[in-house]
Amino acid sequence: MKILMAEDDTTSRLVFGATLRKLGYEVTAVENGQKAWEAWKQGEYALLISDWMMPDIDGLQLCKMIRAESSLQYTYIMLLTALDSKGSYLEGMDAGADDFITKPFDEEQLAARLRVAERILALHKKLHTQATYDRLTGVWNRAAIMDSLAVELERAARQSICTGVIVADLDHFKQVNDTYGHHAGDTVLQEAARRMRLALRPYDQLGRYGGEEFLITAPDCTWQDAITLAERIRSAINAEPVDSQSEKIPITVSLGVTIGGDRIGEDAAMLIAAADEALYRAKKAGRNRVELSDRRT
Ligand SMILES: [Mg+2]
């Protein structure tokens, strides 16, 4: 596990860093709050150990800055302190610290507290996974793909680029369940998600939006890019039947495509509604096809 450490006192930094390495941790040690902030923003550190008293950005400020950022991964923060009054602990807690280590530190106590930190981080990770992934298909769940779209739209508006929004709905999925059973239905959903993921660009996002409906967000996308992507998904899905317990189940998908995001204030719900309307037309026009939303200008 990687630990980021900020301590302005050279001796203390060296001793502490050596101890952490001896305990088996990978350590990046920096000498002030500003450097710690810059390193933390790289997103590689789930555990920060910071001295409280540092010039300019101190440990308390660093805590507040980190807590103010919305980050997918929780950062566990331990403050190093020579202070020993209850008031200051509470102040640290309120700023967002998780634990305190009093200097000079006791090695065994430090090791024990790091175990607690690791346990809590592992729990956070597990909860995060459960809260964001669709258990059956392994792609984002509805809430997570919606969050991802909202974030992407904000970014797109800032950079004046467009985001492709594609809704993909498996055709006649109810018939698959009715004819082959729910187990086969689950296999079809898993395989469809796998094929879609393979058809996407590395930075596109895929989520399960509803029963057999998927949502794809494609950053930095022209109309033509979005159409090409949707067509690629469509042909990947019906390239061959899905194998399920010696049955070969043919599947197809209908897709609705729109793009947006280059204007401030366009929201996710609006774009999804537009893509949904196009999907509806794709279904009406015979399925296994891509239709574009009439937002096209
Ligand atoms: Mg200090």
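Residues numbered from 1 in each chain as written. Predicted model: local features only at pLDDT ≥ 70, side-chain atom pairs only at ≥ 80, totals over all residues.

1. Observations concerning the packing of helix H7 (residues 173–180) against helix H8 (residues 182–199)
Here H7 crosses H8 at 140 degrees, and the two axes come no closer than 7 Å. The angle between the axes of H7 and H8 places the two elements in the oblique class. On the side of H7, the interface is formed by Phe 173, Val 176, Asn 177 and Tyr 180, while H8 contributes His 182, Ala 184, Gly 185 and Val 188. When its residues are assigned to classes, the contact of H7 with H8 shows five nonpolar, three polar and no charged. (Axes fitted to C-alpha atoms, helices over the stretch in contact; angles between N-to-C directions. Helix = DSSP H or I, 4+ residues; strand = E, 2+ residues; numbered from the N terminus. Parallel < 35°, antiparallel > 145°, perpendicular 65-115°, else oblique. Contact = placed C-beta atoms within 7 Å. Nonpolar A, V, L, I, M, F, W, Y, C, P; charged D, E, K, R; others polar.)

2. With respect to the pairing of strand S2 (residues 26–30)
For a regular strand, side chains alternate in direction, first toward one face of the sheet and then toward the other. Bridging between strand S1 (residues 2–6) and S2 involves five bridges; their strand directions are parallel. In the sheet register, Lys 2 faces S2, and the bridge partner there is Glu 26. (Pairing = 2+ DSSP bridges.)

3. Remarks on the nonpolar core
Counting residues in each nonpolar core, the largest one holds 46 residues, and the members touching the most others are Ile 166, Val 167, Ala 168, Ile 233, Leu 255, Val 257 and Ala 275. Elements with a minimum of two residues in this core: helix H6 (142–159), strand S6 (163–170), H8, strand S8 (213–218), helix H9 (223–237), strand S11 (253–260), helix H10 (268–284) and strand S12 (290–292). Counting residues per element, this core draws most heavily on H10, at eight residues. Once residues lying within four places of it in the same chain are set aside, the contact partners of Ala 275 are Val 165, Ile 166, Val 167, Gly 256, Val 257, Thr 258 and Ser 293. (Core = buried A, V, L, I, M, F, W, Y, C linked by C-beta atoms within 7 Å. Buried ≥ 20, exposed ≤ 12 C-beta atoms within 10 Å, placed from the backbone.)

4. What to know about the packing of helix H2 (residues 33–40) against helix H3 (residues 59–68)
Where H2 meets H3, the axes come as close as 10 Å, and the angle between the chain directions of the two elements is 20 degrees. As summarised for this structure, H2 and H3 are arranged roughly parallel, according to the angle between their axes. H2 and H3 meet at a crossing whose hand is right-handed. Where H2 abuts H3, its residues Gly 33, Ala 36, Trp 37 and Trp 40 lie against Gln 61, Leu 62, Met 65 and Ile 66. Among the residues making up the contact of H2 with H3, the classes are represented as six nonpolar, two polar and no charged. (Left-handed = near helix turned anticlockwise from the far one by under 90°.)

5. Here we look at the sheet that holds strand S5 (residues 99–102)
Taken in spatial order, the five strands make up an open sheet running S2-S1-S3-S4-S5, and their pairing is parallel. Across the chains shown, the open sheet's two edge strands, defined by having one partner strand only, are S2 and S5. On average, each strand axis in the sheet is tilted by 20 degrees relative to the strand beside it, whichever way the strands run. Of the strands in this sheet, S1 and S2 are in contact with helix H1 (residues 10–22), which crosses S2 at around 170 degrees.

6. Describing the environment of Thr 132
Along the chain, Thr 132 falls in helix H5 (residues 107–132). Each C-alpha atom of the pair Thr 132 and Cys 63 lies 26 Å from the other, and the pair is 69 residues apart in sequence. Beyond its immediate sequence surroundings of up to four residues, Thr 132 is in contact with Trp 140, Asn 141 and Ala 144.

7. Quick look at the sheet that holds S6
Read across the open sheet, the five strands follow the order S7-S8-S6-S11-S12; overall the sheet is mixed. Of all strands in the sheet, those bounded by a partner on one side alone are strand S7 (205–208) and S12. Strand after strand, the sheet turns through a mean of 20 degrees between neighbouring axes, direction not considered. For S11 and S12, the ladder comprises three bridges, and the chain directions are parallel. Residue Val 257 lies in a different strand from S12, and its bridge partner there is Leu 292. Sitting on the sheet, H6 is in contact with S6, S7 and S8, with an inclination near 145 degrees to S7.

8. Considering the environment of Lys 284
Topologically, Lys 284 is positioned in helix H10. Along the primary structure Lys 284 and Leu 136 are separated by 148 residues, whereas in three dimensions their C-alpha atoms are 29 Å apart.

9. A word on H1
Here H1 spans 18 Å end to end across 13 residues, near enough to the 18 Å set by a 1.5 Å rise per residue. Just downstream of H1, Gly 24 is the residue with a positive phi angle, here 100 degrees. (Expected span 1.5 Å × (residues − 1).)

10. Some points on the domain arrangement of the protein chain
A common way to express how large an interface is: the accessible area buried when the components associate. For the protein chain, the assigned domains read domain 1 (2–132) and domain 2 (142–292). Using C-alpha coordinates to define each centre, domain 1 is positioned 41 Å away from domain 2. (Domains from an automatic or database assignment.)

11. A closer look at the pairing of S8
Among the six residues in S8, five count as buried, and that is most of the element. In this sheet, S8 lies alongside S6 in antiparallel orientation, the contact comprising six bridges. Residue pairing across strands places Val 167 opposite Leu 215, the latter belonging to S8. For S7 and S8, the ladder comprises four bridges, and the chain directions are antiparallel. Within the sheet, the bridge partner assigned to Arg 208 lies in S8 and is Phe 214. What sits between S7 and S8 in their antiparallel hairpin is a turn of four residues.

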